[in-house]
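# A structural walkthrough
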Amino acid sequence: MTSPPHATDILAMGDALVDVIATCDDDFLTRFDLPKGAMQLLDPAEALVLYDAMGSARETSGGSAANSMAGAAACGASVAFVGQVAKDQLGTIFTHDMRALGVRFETPPLEDGPPTGRCLILVTPDGERTMNTSPGAAHCLAAGAVDEDAVRAASILYLEGYLFGPELCRQAMFRAIDIAHSAERTVAFTLSESVCLPGRKEPLQKLIAAGGIDLIFANESEALQLAGASDLDSAIERLSTQVKTLVFTRGPAGAVAYEGGTLTEVPAISVPQVVDTTGAGDLFAAGFLAARCKGHPIDRQLMTGGIAAAEVISHFGARPVADLAELVKL
């Protein structure tokens, strides 16, 4: 089968968000009734009020799958991203940032509708991060935004669980899955932390039962919740009848993969100090998929994921700051 031009290793679909990071004191959190150290959802109007009050801030592209693609590109993979932004300042920032990181991003911006999604992150002097997310345009991604040629050109279609919630976005994912499987491509799905909540678990289980997913990423607690199991062995036993490849992260206990009837385990990569676990799962998937696309065996895929995750938890933020290509040596 001949791939269209601009063939890529991985094409991801996910929330297109801009991370807006600023410092503040505890009085600021109290004034805006923000739960310190937690994450909450805001509607666009609430987000605009908070955004205007934050003052000087650092603005970078964000979102789970977007983080993964930034990491995979840093590992040397050829990657692309599909996500919805609006035609506004933050949409321009997201687009420029992703392209500057080596990620192909060509989804046309919304002319009308909600503003570009944003995650407003406030850091207090004690290092606590209070996150306030407004998906905005990110949850307006429609099936029409899916480029059939781009999906067919990618070896792996990588889907983000956060985007699986809104029905409009879910239908866009279903279209991308159909296109990928018709082209005999691999469909990977990452279980974002909220994906197994009521309203998402049932349609996801139906998708899995229908053979819609070839590879699942999850942490241990997500895997147990999805499988309705009390231990990881039972979760693997139940899910492996429907999904070819299972990849589960276990924090300090490392990671495991089950593929072709074989269980592979690797230890966690040691780091001098865990500074910020934000984006650890995103970067693990980035390293794993980059190594997979390079043809490395499953144990090397797990270890590469661990190296990428270890790099990102060693500093603040969800993007690598070290030379990942040099660290993973793919």
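These numbers come from a predicted model, not from an experiment.

## A look at the overall build of the chain
Broken down by element type, the chain carries 12 helices and 14 strands. Here the C-alpha radius of gyration of the chain, 19 Å, is about what a compact globule of 330 residues would show, namely 20 Å. By principal-axis analysis of the C-alpha atoms, the chain measures approximately 55 × 45 × 40 Å. Burial status across the chain gives 53% buried among its 330 residues. Summarising the internal contacts of the chain: among those between residues at least 6 apart in sequence, 73% fall at separations of at least 24. Total accessible area computed for the chain in this model is approximately 14,000 Å², and 52% of it derives from carbon and sulfur atoms. Put simply, the chain has 23 plus and 41 minus side-chain charges, and the middle of one group is 5 Å from the middle of the other.

## Description of the sheet that holds strand β12 (residues 245-249)
As summarised here, the arrangement of the 9 strands in space is β6-β5-β1-β9-β10-β11-β12-β13-β14, forming an open sheet in which the pairing is mixed. The sheet terminates laterally at β6 (103-105) and β14 (262-266), the two strands that pair on one side only. Strand-to-strand twist across the sheet, computed as the mean angle between neighbouring axes with direction ignored, equals 20°. Contacts from helix α9 (residues 232-239) reach β12, β13 (255-259) and β14 within the one sheet, and its direction differs from that of β12 by about 155°.

## Let's talk about the pairing of strand β5 (residues 79-82)
Neither face of β5 is left uncovered, since the one carrying Val 79 and Phe 81 and the one carrying Ala 80 and Val 82 both have all their residues buried. When strand β1 (residues 8-13) meets β5, the two strands line up parallel, connected through 4 bridges. Bridge assignment links Ala 12 to a residue of β5, and that residue is Phe 81. As paired elements, β5 and β6 share 3 bridges and run parallel to each other. Bridging from a neighbouring strand, Phe 81 pairs with Phe 105 of β6. At this point the chain moves from β5, through helix α4 (residues 89-100), to the parallel β6, and the crossover so formed is right-handed.

## Overview of the sheet that holds strand β8 (residues 129-134)
The strand order across the open sheet built from 5 strands is β3-β8-β7-β2-β4, with neighbouring strands paired in mixed fashion. Each of the sheet's edge strands pairs with one partner strand only, and the pair in question is β3 (39-41) and β4 (58-62). Here the strands of the sheet are splayed against their neighbours by 20° on average, with no regard to which way each runs. The pairing of strand β2 (residues 17-23) with β4 spans 5 bridges and is antiparallel. Bridging from a neighbouring strand, Leu 17 pairs with Gly 62 of β4.

## Some thoughts on the nonpolar core
Counting 56 residues, the largest nonpolar core has Ile 10, Phe 81, Phe 94, Leu 122, Tyr 158, Phe 217 and Phe 288 as the members making the most contacts within it. A total of 8 residues in this core trace back to one element, the largest contributor, which is helix α10 (residues 280-293).

## Let's talk about the side chain of Asp 282
In this structure, Asp 282 sits in helix α10. On the basis of relative accessibility, which here comes to 13%, the residue Asp 282 falls in the buried class. Excluding anything up to four places from it in sequence, Asp 282 contacts Ser 64, Asn 67 and Ser 68.

## Brief notes about the packing of aromatic side chains
This structure, assessed with the given rule, holds 9 aromatic pairs. Seen in terms of ring centroids, Phe 81 and Phe 94 are 5.9 Å apart; in terms of plane orientation they differ by 50°. Their pairing is tilted. Note that Phe 81 is positioned in strand β5 and Phe 94 in helix α4, a separation of 13 residues in sequence. An identical accessibility class is assigned to Phe 81 and Phe 94; each is buried. Centre to centre, the rings of Phe 94 and Phe 105 are 5.2 Å apart; their planes meet at 75°, and the pair counts as edge-to-face. Residue Phe 94 is found in helix α4, and its partner Phe 105 is found in strand β6; the two are separated by 11 residues along the sequence. Residue classification places Phe 94 among the buried residues on the basis of a relative accessible area of 0%. Taken together, the aromatic side chains of Tyr 158, Phe 217, Phe 284 and Phe 288 make up a single cluster linked through ring pairs. Just above the ring of Tyr 51 sits the side chain of Arg 118; from NZ or CZ to the centre is 5.4 Å.

What counts and what doesn't
- Residues numbered from 1 in each chain as written.
- Predicted model: local features only at pLDDT ≥ 70, side-chain atom pairs only at ≥ 80, totals over all residues.
- Heavy atoms only, no water.
- Helix = DSSP H or I, 4+ residues; strand = E, 2+ residues; numbered from the N terminus.
- Rg over C-alpha atoms; globule rule 2.2 N^0.38 Å.
- Buried < 20%, exposed > 50% of the residue type's maximum accessible area, 1.4 Å probe, protein only.
- Contact = heavy atoms within 4.5 Å.
- Areas by Shrake-Rupley, 256 points an atom, 1.4 Å probe, with all protein chains shown as cover.
- Lys, Arg positive; Asp, Glu negative; His and termini not counted.
- Charge placed at Lys NZ, Arg CZ, Asp CG, Glu CD.
- Pairing = 2+ DSSP bridges.
- Axes fitted to C-alpha atoms, helices over the stretch in contact; angles between N-to-C directions.
- Right-handed = clockwise from strand over helix to strand, strands pointing away.
- Core = buried A, V, L, I, M, F, W, Y, C linked by side-chain atoms within 4.5 Å.
- Phe/Tyr/Trp six-rings, centres within 6.5 Å; stacked < 30°, edge-to-face > 60°.
- Lys NZ or Arg CZ within 6 Å of the ring centre and 35° of its normal.

Interpretation note: all reported values are geometric properties and have no functional meaning in isolation.
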